[in-house]
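Each chain, written out:
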Amino acid sequence: RIETMQREQEALASSKAEEERKHKARAGELVTEAQAKVEGGEYDQGIALLEEAIKLDKEIGGARELLARAAGERKKARDVFEARKNYQARFDDGVKAQNAGDYPLALTSFEQAKGYRETDEVKERMAEARFAGSRALGEKKEQEGDLAGAIEQYTQALDLKESSKVLEIGTG
């Protein structure tokens, strides 16, 4: 009876050792798969695989470091995506405002877009909005009979046009 119990314990220990070996092997496979996912930019899938690998083998080499790297890369990718999305939204707001003749709002929107990503396109739109805004203010002052104010605004518009080399948008 003691021999039977010893054989059962040995069999159980052997079974546990075999199961642990299988878990370690599977964990290694998961880390390899995860590394490929992370390198391919599939961070969510890579992170899920790494978490599964760590559950199977808490001591698996490199998994925690790769998990930290993947989480950092995922955050960077999300931040870039958000910045692009915000840039485009602010830029589109600026274009709408500019087309509606609301140059102060257009400038504010373009300035916000520039904060997310500085592009030649947004710089050009800002210059156009400054020029058109100055010209529009000059026209308003002229209609109000403030000729000195109108001349000042027209001069400012011409200076802006010259300094930014922006073509006049529309004719007034």
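All of the points below concern the structure found in this document. Bear in mind the structure is a predicted one, so any value in this text is a computation, not a measurement.

**A short note on the nonpolar core**
Thinking step 1. Membership of the largest hydrophobic core comes to 15 residues, with the highest contact counts inside it found for V31, V38, L50, A53, I60 and A63.
Thinking step 2. Listed by contribution, the elements that provide at least two residues to this core are helix 1 (2-39), helix 2 (43-56) and helix 3 (63-99).
Thinking step 3. Of all the elements, helix 2 adds the most residues to this core, at six residues.
Thinking step 4. Beyond its immediate sequence surroundings of up to four residues, L50 is in contact with V31, A34, A63, L66 and L67.
Thinking step 5. In terms of nonpolar packing, the next biggest core, distinct from the first, is built from twelve residues, Y87, Y103, F110 and A132 among them.

**Here we look at the packing of helix 1 against helix 2**
Thinking step 1. At a minimum axis distance of 8 Å, the contact between helix 1 and helix 2 shows a crossing angle of 165°. The angle between helix 1 and helix 2 places the two elements in the roughly antiparallel class. Considering the relative orientation of helix 1 and helix 2, their crossing is left-handed. Between helix 1 and helix 2, the contacting residues are H23, R26, A27, L30, V31, E33, A34, K37 and V38 on the first element and Y43, Q45, G46, L49, L50, E52, A53 and L56 on the second.
Thinking step 2. Considering only residue class, the contact of helix 1 with helix 2 consists of ten nonpolar, three polar and four charged.

**Some words on the packing of helix 3 against helix 4 (residues 103-116)**
Thinking step 1. Packing of helix 3 against helix 4 brings their axes to within 8 Å, and their N-to-C directions diverge by 165°. Between helix 3 and helix 4, the angle is such that the two are roughly antiparallel. Our pair here, helix 3 against helix 4, has a crossing hand that is left-handed. On helix 4, the residues touching A83, N86, Y87, R90, F91, D93, G94, V95, A97 and Q98 of helix 3 are Y103, L105, A106, S109, F110, Q112, A113 and Y116.
Thinking step 2. Residues belonging to the contact of helix 3 with helix 4 are distributed by class as follows: eleven nonpolar, five polar and two charged.

**Structural notes on helix 2**
Thinking step 1. If you check helix 2, its first and last C-alpha atoms are 20 Å apart, about what 14 residues at 1.5 Å a residue would give, namely 20 Å.
Thinking step 2. Those residues of helix 2 that sit buried are Y43, G46, I47, L49, L50, A53 and I54. Buried residues of helix 2, seen end-on, are gathered within an arc of 165° and therefore sit on one face of the element.
Thinking step 3. Structurally, helix 2 contributes buried residues whose contacts are with helix 1 and helix 3.

**Some words on the environment of A77**
Thinking step 1. Its place among the elements puts A77 in helix 3.
Thinking step 2. Judged by relative accessible area, which is 37%, A77 ranks as partly exposed.
Thinking step 3. For the pair A77 and Y43, spaced 34 residues apart in sequence, the C-alpha to C-alpha distance is 9.2 Å.

**Description of the environment of R64**
Thinking step 1. The topology assignment puts R64 in helix 3.
Thinking step 2. C-alpha separation for the pair R64 and K96, spaced 32 residues apart in sequence, amounts to 48 Å.
Thinking step 3. Ignoring any residue separated from it by four or fewer positions in sequence, one finds R64 in contact with I54 and K58.

**Regarding helix 5 (residues 120-143)**
Thinking step 1. Under the 1.5 Å per step criterion, the end-to-end length of helix 5 is 34 Å for 24 residues, consistent within 8% with the ideal 34 Å.
Thinking step 2. Every buried residue belonging to helix 5 is among V122, M126, A127, E128, A129, F131, A132, G133, S134, R135 and G138, and all of these are buried.
Thinking step 3. In the segment just after helix 5, G145 is the residue with positive phi, at about 85°.

**Regarding the packing of aromatic side chains**
Any aromatic ring pair is given by two values, namely how distant the centres are and how the planes are angled relative to each other.
Thinking step 1. Tallied over the entire structure, the rule returns two aromatic pairs.
Thinking step 2. Seen in terms of ring centroids, Y87 and F91 are 5.8 Å apart; in terms of plane orientation they differ by 20°. Their pairing is stacked. Of this pair, Y87 and F91 both sit in helix 3, four residues apart, which is roughly one turn of that helix. F91 shares its class with Y87; the two are buried.

The rules behind the values
- Residues numbered from 1 in each chain as written.
- Predicted model: local features only at pLDDT ≥ 70, side-chain atom pairs only at ≥ 80, totals over all residues.
- Heavy atoms only, no water.
- Core = buried A, V, L, I, M, F, W, Y, C linked by side-chain atoms within 4.5 Å.
- Buried < 20%, exposed > 50% of the residue type's maximum accessible area, 1.4 Å probe, protein only.
- Helix = DSSP H or I, 4+ residues; strand = E, 2+ residues; numbered from the N terminus.
- Contact = heavy atoms within 4.5 Å.
- Axes fitted to C-alpha atoms, helices over the stretch in contact; angles between N-to-C directions.
- Parallel < 35°, antiparallel > 145°, perpendicular 65-115°, else oblique.
- Left-handed = near helix turned anticlockwise from the far one by under 90°.
- Nonpolar A, V, L, I, M, F, W, Y, C, P; charged D, E, K, R; others polar.
- Expected span 1.5 Å × (residues − 1).
- Arc of directions from axis to C-beta.
- Phe/Tyr/Trp six-rings, centres within 6.5 Å; stacked < 30°, edge-to-face > 60°.

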